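# Overview (structure and organization)
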Amino acid sequence: MVSNTHQFQFACKLSSLQPNQPQTFEIEDRFVIVVLLNDQVFCIEDLCTHDGGTFGDNKLEGSCIVCPRHGAKFDVRTGAAMCMPATEATLSHMVKVEGDDVLVQLRDN
Ligand code: FES
């Protein structure tokens, strides 16, 4: 069961996102990746589960962001690890869009 006590918080303006171009934002002292993909907005933790690397603002390969350290790929829609050396998903956060505001609800697990 997913426990979650976080509220939705402002992450960025929808109009500031470029399609398929992940951007990093800080929410509650955590860094997240927000990406506009096929007219939907997704958000994952900016944390590679292989060895704690960050994704930065790398481009997407399909629906995946690539960790610049050792090449693990994560699906930005779900956080799922798609190739070695990562085997565990990174956190995927809830997103809601209100007008031009992108709001994110952080998960802890
Ligand atoms: S830290 Fe990301 S692939 Fe190793």
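Here's what I pulled together on the structure shown here. (Residues numbered from 1 in each chain as written. Predicted model: local features only at pLDDT ≥ 70, side-chain atom pairs only at ≥ 80, totals over all residues. Heavy atoms only, no water.)

This paragraph deals with the sheet that holds strand β8 (residues 92-98). Read from one edge of the open sheet, six strands run β1-β9-β8-β4-β3-β2, paired in antiparallel fashion. Pairing within the sheet leaves two strands with one partner each, and these edge strands are β1 (9-13) and β2 (23-27). Neighbouring strand axes in the sheet, compared pairwise and without regard to direction, differ in orientation by 35° on average. Alignment of strand β4 (residues 40-45) against β8, held across two bridges, turns out to be antiparallel. When the sheet's bridge partners are listed, C43 is paired in β8 with H93. (Pairing = 2+ DSSP bridges. Helix = DSSP H or I, 4+ residues; strand = E, 2+ residues; numbered from the N terminus. Axes fitted to C-alpha atoms, helices over the stretch in contact; angles between N-to-C directions.)

Looking now at the packing of aromatic side chains. According to the stated counting rule, one finds one aromatic pair in the structure shown. Look at F55 and F74: their rings are 5.3 Å apart centre to centre, the planes differ by 55°, and that puts the pair in the tilted class. Within this pair, whereas F55 is found in the loop between β4 and β5 (60-61), its partner F74 is found in strand β7 (residues 73-75), the two being separated by 19 residues in sequence. Using a relative accessible area of 1% as the deciding quantity, one classes F55 as buried. On the basis of relative accessible area, F74 is assigned to the buried category, the value being 0%. (Phe/Tyr/Trp six-rings, centres within 6.5 Å; stacked < 30°, edge-to-face > 60°. Buried < 20%, exposed > 50% of the residue type's maximum accessible area, 1.4 Å probe, protein only.)

Next up on the list: the nonpolar core. For soluble globular proteins, the rule of thumb is that nonpolar side chains tend to be buried together. Counting 14 residues, the largest nonpolar core has F55, I65, F74 and V76 as its most contacted members. Counting residues per element, the ones that place at least two in this core are β3 (30-37) and β4. For this core, the leading source of residues is β3, giving three residues. The next biggest cluster of nonpolar side chains, apart from the first, holds 13 residues, and it includes C12, L17, F25 and I27. (Core = buried A, V, L, I, M, F, W, Y, C linked by side-chain atoms within 4.5 Å.)

Across the sheet, three strands lie side by side as β5-β6-β7; this open sheet has antiparallel pairing. Taken across any chain shown, the strands that pair with only one partner, and hence form the sheet edges, are β5 and β7. Direction of pairing for strand β6 (residues 64-66) relative to β7: antiparallel, over a ladder of three bridges. Looking at the pairing, V66 lines up with K73 of β7.

This part is about the environment of N58. Topologically, N58 is positioned in the loop between β4 and β5. Note on N58: relative accessible area 27%, which makes it partly exposed. Between the alpha carbons of N58 and C12 there is a distance of 18 Å; along the sequence they are 46 residues apart. Other than its neighbours up to four places away in sequence, N58 contacts Q21, P22, I65, V66 and P68. (Contact = heavy atoms within 4.5 Å.)

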